[in-house]
Amino acid sequence: MPIYNKLVRDLIPKIIEADGKTCVTHTLNDSQYIAEINNKMHEELAEYEEATNAEDAVEELSDLLELIHAAAAYHGVTVEELEAVRAEKAKARGGFNERIYLVEVADD
């Protein structure tokens, strides 16, 4: 039986048990939790990068968004507060929608 050491969604153990299997879980402390959120973000980002169609890409983006929500809560902000920070940065610096790619900056 394989051993899994990873952050899982809260319903996953119930799904496993409903399938007639057993699993072992434990609750992470704060430093373990944020470390595993970070690890899972890297995993989901890699899966997004490997997506070959829009449907799969959106699935992976939704997983990343779920992790961003968890990280925001860990850092003591709501998703709405996080969005306000994002909007303010976009207002001050612009966003990525124009697809502008900075190649070089030279001192004149």
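This is a predicted model, so every value here is computed, not measured.

Scoring rules and cut-offs
Residues numbered from 1 in each chain as written. Predicted model: local features only at pLDDT ≥ 70, side-chain atom pairs only at ≥ 80, totals over all residues. Heavy atoms only, no water. Helix = DSSP H or I, 4+ residues; strand = E, 2+ residues; numbered from the N terminus. Rg over C-alpha atoms; globule rule 2.2 N^0.38 Å. Buried < 20%, exposed > 50% of the residue type's maximum accessible area, 1.4 Å probe, protein only. Contact = heavy atoms within 4.5 Å. Areas by Shrake-Rupley, 256 points an atom, 1.4 Å probe, with all protein chains shown as cover. Lys, Arg positive; Asp, Glu negative; His and termini not counted. Charge placed at Lys NZ, Arg CZ, Asp CG, Glu CD. Salt bridge = Lys/Arg side-chain N within 4 Å of Asp/Glu carboxyl O. Expected span 1.5 Å × (residues − 1). Arc of directions from axis to C-beta.

Participant: Even after reading the chapter, I still don't get the overall build of the protein, so can you show me in this structure?
Facilitator: Looking only at helices and strands, one finds four helices and zero strands in the protein. Element order for the protein, N to C, with α for helix and β for strand: α-α-α-α. Over its C-alpha trace the protein gives a radius of gyration of 19 Å, far above what one expects of a compact globule, namely 13 Å for 108 residues. The proportion of buried residues among the 108 residues of the protein is 13%. For the protein, the proportion of contacts with a sequence separation of at least 24, taken over those separated by at least 6, is 49%. For the protein, the exposed surface amounts to about 9700 Å²; the carbon and sulfur share of it is 54%. The protein carries 10 positive and 24 negative side-chain charges, and their two centres are separated by 3 Å.

Participant: Can you help me understand the side chain of E60 in this one?
Facilitator: Mapped onto the secondary structure, E60 falls in helix α3 (residues 54-74). Nearest to the buried, unbridged E60 among oppositely charged side chains is K40, at 7.8 Å. The contact partners of E60, leaving out residues within four places of it in the chain, are E44, E47 and Y48.

Participant: I keep staring at helix α2 (residues 30-50) and nothing clicks. Help me out?
Facilitator: In an α-helix, one full turn covers 3.6 residues, which means residues spaced three or four apart are oriented alike. Taking 1.5 Å as the rise per residue, α2 with 21 residues should run 30 Å; its terminal C-alpha atoms sit 30 Å apart, in good agreement. Of all the residues in α2, the buried ones are I34, I37, K40 and E44. Buried residues of α2, seen end-on, are gathered within an arc of 120 degrees and therefore sit on one face of the element. With respect to the buried face of α2, the exposed residues turned more than 90 degrees away are S31, H42, E49 and E50. Of the surrounding secondary structure, the elements contacted by the buried residues of α2 are α3.

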